[in-house]
Amino acid sequence: MNWVLKRTGQSVFTVWAVATISFGLIRLMPGGAEDIIVARIHESQGSDVPAEVIREQVQHRINIDPNAPIHEAYLQYMGGLVRGDFGHSVYLNRDVATILAEALPWTIFLMAISTLLTFGLALSLGAMMAYKEGTRFDISQTGVAILTTSIPYYVAAVLFIAYLGNRTSIFPARGRYPAVVEPGFTIQFIVGSFHHAILPAASFVLTVYGLTALAMRGNSIQILGEDYVRVARLRGLSDRRIALRYVGRNAVLPMYTSLLISIGFMFGGSIILEELFQYPGIGYYMYQAIEYQDMPLMMGTFLVITVAVVIALFVGDATYSKLDPRIKSGDDSESY
Amino acid sequence: MSTYERSQHDRALYETADPVIELRDAEVVFEMDRGVSRVLDNVTLDIQRNEVLGIVGESGSGKSMLASAMLDAVVDPGVLSGQVTYHPADGHPVDVLELSERELLKHRWEDISMVFQGAMSSFNPTMEVGEHFEETIEAHDYDIGAGMDRARELLEDLYLDPDRVLPSYPHELSGGMKQRALIALSLVLEPDVLVMDEPTAALDLLMQRSILSLLESLKEKYDLTLIFITHDLPLVAELADRLAVMYAFELVEIGATEEILRRGSHPYTRSLLNATPNLDAPLEEMRPIEGAAPDPVDVPSGCSYHPRCPLADDECVASDPAFQAVSDEHSVACYHWQDAPDAIPFNVEVEVAEDCPQTDKEGECLPDERTADSSEPEPQQAENRAETDGGDQ
Ligand code: SF4
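The shown structure was predicted, so the numbers you read here are calculated from the model rather than taken from an experiment. (Residues numbered from 1 in each chain as written. Chains lettered and ligands numbered in written order. Predicted model: local features only at pLDDT ≥ 70, side-chain atom pairs only at ≥ 80, totals over all residues. Heavy atoms only, no water.)

The subject of this paragraph is the overall build of chain B. Within chain B, the secondary structure is distributed over 15 helices and 12 strands. In chain B, which comprises 393 residues, the share counted as buried stands at 56%. (Helix = DSSP H or I, 4+ residues; strand = E, 2+ residues; numbered from the N terminus. Buried < 20%, exposed > 50% of the residue type's maximum accessible area, 1.4 Å probe, protein only.)

Put into structure tokens, the structure is as follows:
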């Protein structure tokens, strides 16, 4: 219980720190975020609107009052965050919170598919390679894994878009769901969503699985040499039980952390990936925000990614002890 | 000597009246890049029903291989050849090496079971101890209720609390508890034979002793045949009815425990007795045996002990000695065993010396034997004797 409190405290602190740093960045940006936004609006709307009016609007929208003393401005800003008010996107002219709420499920959907496929493929392949250590299968798969790992996911994405997306019509190269289908719980919509997710997910899975597969292979080979596996065989247990309950279970344990780290990595990767595939998720909006210097949107996406990673790590830490009985979540801190 | 007489004579040397396991020319080879590695070299041996047989040897002498061979459990890519016959208490003898994969899985643990050297890591770290018992019982299609009752009884016999041990994870138990739980696990399917490979190696002396006495009572209660493999001769001597000594992947001497301790006749056995203190002797009295254990790829010709043996002559280098009878139940593979007591005197009196008749012709047991010895001792023996004499007198 004590541990949960401590760990929750750590998580909250991380989120708070990220929010504070982004506040500082906006406040300290050369020329001020506000000036940039005002200039942008001025450009786009022409000079018939007085600059003062725009400035007032902007101040209202970005949730930071430049004239207030810094501590007051800070409280105002944090208060907004706590209420779920991330400000207003200048570029899209919508509330940031609305944009995020709409985009987040898609990113999570895409990442869940990628993660499941990556680990499903990597763990089973790695275990098979370990069982067939030294055979042609093992050696060739090791080579393939190293080769695919050395390709950056965005290169794979560009290749997929060019060859599978644009030259053929097997897979859609952009968007989240078919343009002709209304969002809702219809078969067409769900099938269409998966269809659209295939290429982005494949770009991740095929370039990331290799490392995990090789790690799984190494772990499994080590476990296969353990005394308890030998004793289990002598005790007459079925190969299936030994593969799952002895080798698999113990080989996966050290990979659990890397699974969680990969969630952070995928969130980061989603910025470029979603832009390439024009897939409006969190990453896509962050890219847009950076391109148009849309501060509130940038901060909102940044915070969402931070919170997601923090939650993933929290869940991971909290559940690790369920997987490995040797680790206690309580007072035992050796795993962190 | 006619063939008939000869075979009669040979038979007496390794056969016992009611064997539970017969090993004939058991050999294990590994194909390696630098040659064939023969890690068990034609071992022929009977294991008497309900006896405690101690198998003693240095590490790398092939004693673990002998243990694995009895269960046909040699790890890949080792190849076991020869003959292993199991005699159930009732029923026909079983040719273990001819068993199908399925029959072999049944044979192991139901008829003959094993406690490994790596006892500390013989449990799956992510599984409760109790589940190990359950899955074993289930894998052999035994009744789970009766099986678990037996498991609990065994744990209690080993002074473990089943309610505490069964729901624990392996890391929650101490080394000694794990070791005892492992012994219980190996007996859960009521085997006739239990092979133990260095079962006490990782434990402290006190725990070793208590496990020995527990094994003794388990053996009585469940009519077990125990095969206890160790490098620790004095330890196993407390428990074993017979001792077999291995050197360089072969058996070199076998006999009743008392016989070996009092009249060990192979030069290696004698050096081994000198190299290991008895339990009550301080560690400083250990006498290392000069030279290194042989490489399994390149075992010396003839008697494999000849590079280290003070009695070695041309005959020893030329051909491998056969077993000769020292007494009824004591045989040794050495050409010059009669000369061994003079060449390699015991430097510490073994515990059984008290029972020894004062006027023993062989003389090993006499207190003044060491000083009376006039033959040329091997150099390290001379040093040792100097120390011992100084210390003792
Ligand atoms: S046969 Fe020869 S070399 Fe071998 S132990 Fe006997 S005396 Fe030594």
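Here the focus is the overall build of chain A. The number of helices and strands found in chain A is 13 helices and 2 strands. The proportion of buried residues among the 336 residues of chain A is 46%. Sequence separation of at least 24 residues holds for 69% of the intrachain contacts in chain A that already meet a minimum separation of 6. Carbon and sulfur atoms provide 66% of the accessible area of chain A, an area that totals close to 17,200 Å². (Contact = heavy atoms within 4.5 Å. Areas by Shrake-Rupley, 256 points an atom, 1.4 Å probe, with all protein chains shown as cover.)

A few words now on the site of the ligand. Taken together, 13 residues lie around the ligand, and Cys303(B), Cys309(B), Cys316(B), Cys334(B) and Tyr335(B) are the ones closest in. The cavity where the ligand resides is the second largest cavity. (Near = heavy atom within 4 Å. 1 Å grid on protein atoms, 1.4 Å probe; cavity = no way out; pocket = protein on both sides within 12 Å on 5 of 7 lines; lining within 4 Å. Sits in = over half its atoms within 2 Å of the grid points.)

What follows deals with a negative patch on the surface. Taken together, the side chains of Glu128(B), Glu134(B), Glu138(B) and Glu172(B) make up a negatively charged region of the molecular surface. On the secondary structure map, Glu172(B) appears in the loop between α6 (162-165) and α7 (175-187). (Patch = residues over 30% accessible without salt bridge, like charges linked within 9 Å, V, L, I, M, F, W, Y side chains within 5 Å. Salt bridge = Lys/Arg side-chain N within 4 Å of Asp/Glu carboxyl O. Lys, Arg positive; Asp, Glu negative; His and termini not counted. Charge placed at Lys NZ, Arg CZ, Asp CG, Glu CD.)

Now for the confidence of the model for chain B. All names here are of chain B. The predicted model of chain B has a mean per-residue pLDDT of 80, with 81% of residues at 70 or higher. Of the regions scoring below 50 in pLDDT, residues 1-9 engages in 1 contact with residues more than four places distant in sequence or in other chains. Counting contacts from residues 350-393, a segment whose pLDDT is below 50, to residues more than four positions away or on other chains yields 65 contacts. (pLDDT = per-residue confidence, 0-100.)

Once that is clear, we can look at helix α12 (residues 282-291) of chain A. All names here are of chain A. The element α12 is extensively covered by neighbouring structure, given that 7 of its 10 residues are classed as buried. Every buried residue of α12 is accounted for by Ile282, Gly283, Tyr284, Tyr285, Met286, Gln288 and Ala289. Elements that come into contact with the buried residues of α12 comprise α5 (96-131), α11 (255-276) and α13 (295-323). Positioned one or two residues after α12, Gln293 has a phi angle of 50°, which is positive.

With that out of the way, let us pick up helix α9 (residues 227-234) of chain A. When we look at burial in α9(A), the residues that qualify are Tyr228(A), Val229(A), Val231(A), Ala232(A) and Leu234(A). On its buried face, α9(A) is in contact with α8 (187-224) and α10 (239-252) of chain A together with α3 (101-110) of chain B.

Let's shift gears to the sheet that holds strand β1 (residues 19-32) of chain B. Residue and element names in this part refer to chain B. Overall, antiparallel pairing links the 4 strands, which are arranged β2-β1-β4-β5 in an open sheet. At either end of the open sheet lies a strand with only one pairing partner, and these are β2 (35-48) and β5 (94-95). Judged from the 2 bridges that link them, strand β4 (residues 79-86) and β5 form a sheet pairing that is antiparallel. Paired with Thr85 across the bridge in β5 is Asp95. Lying on the sheet, helix α2 (residues 63-70) is in contact with β1, β2 and β4; it crosses β2 at an angle near 65°. (Pairing = 2+ DSSP bridges. Axes fitted to C-alpha atoms, helices over the stretch in contact; angles between N-to-C directions.)

Contacts between the two partners involve 24 residues from chain B, matched on the other side by 18 residues from chain A. Taking both sides of the interface into account, the surface hidden between chain B and chain A amounts to around 2,100 Å²; carbon and sulfur atoms contribute 58%. Counting across the chain B and chain A interface gives 4 salt bridges. A salt bridge links Arg245(A) to Glu131(B); the nearest nitrogen and oxygen atoms lie 3.7 Å apart. The tally of links between chain B and chain A comes to 16 residue pairs in polar contact (both at pLDDT 80 or more). If you list the elements that add at least two residues to the side of chain B that touches chain A, you get α3 and α4 (129-139) of chain B. Of the residues forming the side of chain B that touches chain A, the biggest block, 5 residues, is contributed by α4(B). By residue class, the composition of the side of chain B that touches chain A is 11 nonpolar, 10 polar and 3 charged. (Buried area = accessible area lost by both parts, 1.4 Å probe. Polar contact = N/O pair within 3.5 Å; in protein donor to acceptor, adjacent residues only side chain to side chain. Nonpolar A, V, L, I, M, F, W, Y, C, P; charged D, E, K, R; others polar.)

This next bit is on the environment of Leu243(B). All names here are of chain B. Along the chain, Leu243 turns up in strand β9 (residues 242-247). Leu243 sits 159 residues away from Val84 along the chain, and the two C-alpha atoms are 20 Å apart. When residues no more than four places from it in sequence are discounted, the contact partners of Leu243 are Leu53, Gly54, Val56, Leu233, Val236, Glu253, Ile254, Gly255, Thr257 and Ile260.

Further remarks concern the domain arrangement of chain B. Residue and element names in this part refer to chain B. For chain B, the assigned domains are domain 1 (19-240) and domain 2 (245-293 + 303-374). Facing the 24 residues of domain 1 at the interface are 19 residues of domain 2. A combined buried area of about 1,800 Å² lies between domain 1 and domain 2, and 66% of that area is made up of carbon and sulfur atoms. Interface area lost by domain 1 to domain 2 is led by Glu58, Leu233 and Pro234, which between them contribute 30%. For the pair domain 1 and domain 2, the interface holds 1 salt bridge. One salt bridge connects Arg308 with Glu58, and the closest N-O pair in it is separated by 3.4 Å. (Domains from an automatic or database assignment.)

A separate point is empty space enclosed by the protein. Residues and elements named next belong to chain B. Within the structure shown, the criterion is met by 2 cavities of 30 Å³ or more. Roughly 40 Å³ of internal volume is contained in the second largest cavity. Together, His266, Pro267, Cys303, Tyr305, Cys309, Ala312, Cys316 and Cys334 line the second largest cavity. Tallied by class, residues from the lining of the second largest cavity come to 7 nonpolar, 1 polar and no charged. (Points joined across faces, edges and corners; volume = space filled by probe spheres on them.)

Further remarks concern a nonpolar patch on the surface. Residue and element names in this part refer to chain A. Together, Ile151, Tyr154, Val155, Leu159, Tyr163 and Ile272 make up a nonpolar patch on the protein surface, roughly 500 Å² of accessible area in all. Looking at which element gives the most residues to the nonpolar patch, the answer is helix α7 (residues 153-166), with 4 residues. With respect to the helices and strands, Leu159 occurs in helix α7. Under the relative-accessibility criterion, Leu159 is labelled partly exposed at 43%.

What follows deals with the layout of surface pockets. Unfilled space is identified by rolling a water-sized probe across the atoms. Put simply, the largest pocket is a space of about 740 Å³. Taken together, 24 residues make up the lining of the largest pocket; nearest its centre are Arg230(A), Arg233(A), Val74(B), Val75(B) and Asp76(B). Contributions of two or more residues to the lining of the largest pocket are made by α9 and α10 of chain A together with β4 and α3 of chain B. No other element matches the 5 residues that α9(A) contributes to the lining of the largest pocket.

What follows concerns the environment of Thr16(B). Of note, Thr16(B) is situated in the loop between α1 (3-14) and β1. Between the C-alpha atom of Thr16(B) and that of Ser327(B), which follows or precedes it by 311 residues, the distance is 14 Å.

All names here are of chain B. Contact geometry of helix α5 (residues 144-157) with α7 gives a least axis separation of 9 Å together with a crossing angle of 140°. Compared by their axis directions, α5 and α7 come out oblique. As α5 runs across α7, the sense of the crossing is right-handed. Contact with α5, carried on its side by Arg150, Leu154 and Leu155, involves Ala181, Ala184 and Leu187 of α7 and no other residues of that element. Of the residues belonging to the contact of α5 with α7, the class tally is 5 nonpolar, no polar and 1 charged. (Parallel < 35°, antiparallel > 145°, perpendicular 65-115°, else oblique. Left-handed = near helix turned anticlockwise from the far one by under 90°.)

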